[in-house]
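# Breakdown of the fold
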Amino acid sequence: MTDRLKVRLAYQRGWQVVDNDHVIETFDSKVEAFSYVHAKGARVWLAWSRTEIGGRSPPYDFAAQFQQDGVGRIMKTLHGPSAGTWFWTCSDRGARGTVATKDEAVVEVAYTRRVIGADLPR
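Residues numbered from 1 in each chain as written. Predicted model: local features only at pLDDT ≥ 70, side-chain atom pairs only at ≥ 80, totals over all residues. Heavy atoms only, no water.

### Here's the deal with the sheet that holds strand E8 (residues 86-90)
We apply this condition: Note: two strands are recorded as paired if DSSP finds a minimum of 2 bridges between them. Elements are defined by DSSP. Helices are runs of H or I of four residues or more, strands are runs of E of two residues or more, and each kind is numbered from the N terminus. The axes used here are C-alpha line fits, helices contributing only the stretch in contact, and every angle between their N-to-C directions lies in the interval 0 to 180 degrees. Throughout, a residue-residue contact means that at least one pair of heavy atoms, one from each residue, lies within 4.5 Å.
Across the sheet, which stays open at both edges, the five strands sit in the order E5-E6-E7-E8-E9 with antiparallel pairing between neighbours. Of all strands in the sheet, those bounded by a partner on one side alone are strand E5 (47-50) and strand E9 (96-99). Each adjacent strand pair in this sheet contributes to an overall mean axis angle of 20°, direction not counted. Examined bridge by bridge, strand E6 (residues 61-66) and strand E7 (residues 69-76) share six bridges and lie antiparallel to one another. Residue Phe66 lies in a different strand from E7, and its bridge partner there is Asp69. Sheet strands in contact with helix H2 (residues 107-116) are E5, E6, E7 and E8, and its direction is about 20° off that of E8.

The structure is reproduced here in structure tokens:
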């Protein structure tokens, strides 16, 4: 199994967790599907594209989507004392941080955890 699994809406069948185009499991809710992915030690596969602001794409700036919803962003800091680091954030103004490399700026992990409420006090 890979470290990134797709979760997709299966019309009238719930939510499917998919690995390499093969359905692994089907769930009634998105939260259940995300919980399964998290329990497997994986993260939900998000669709990535260049960020567009006013019709332009800033360098080193990427947006993440799940289904049709924007869920996060990563961008490289180009100036100042933090130049060269990567900033990441979940779009709901929740989890965010600054890390040394693009590979560490993983919105997918934070978004997976936020959907299932993994970081909420119990």
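Here the narrative resumes, following the displayed structure.
### Considering unusual backbone geometry
Put simply, the rule reads: Remark: exposure states derive from per-residue accessible area (1.4 Å probe, protein chains only) relative to the maximum for the residue type, with buried under 20%, exposed over 50%, and partly exposed in between.
A positive phi is found at Asn20, a non-glycine position, where the angle reads about 50°. The residue Asn20 is located in the loop between strand E2 (14-19) and strand E3 (22-27) in this model. Non-glycine residue Tyr60 carries a positive phi angle of around 55°. Along the chain, the position of Tyr60 falls in the loop between E5 and E6. Its relative accessible area of 42% is what places Tyr60 among the partly exposed residues.

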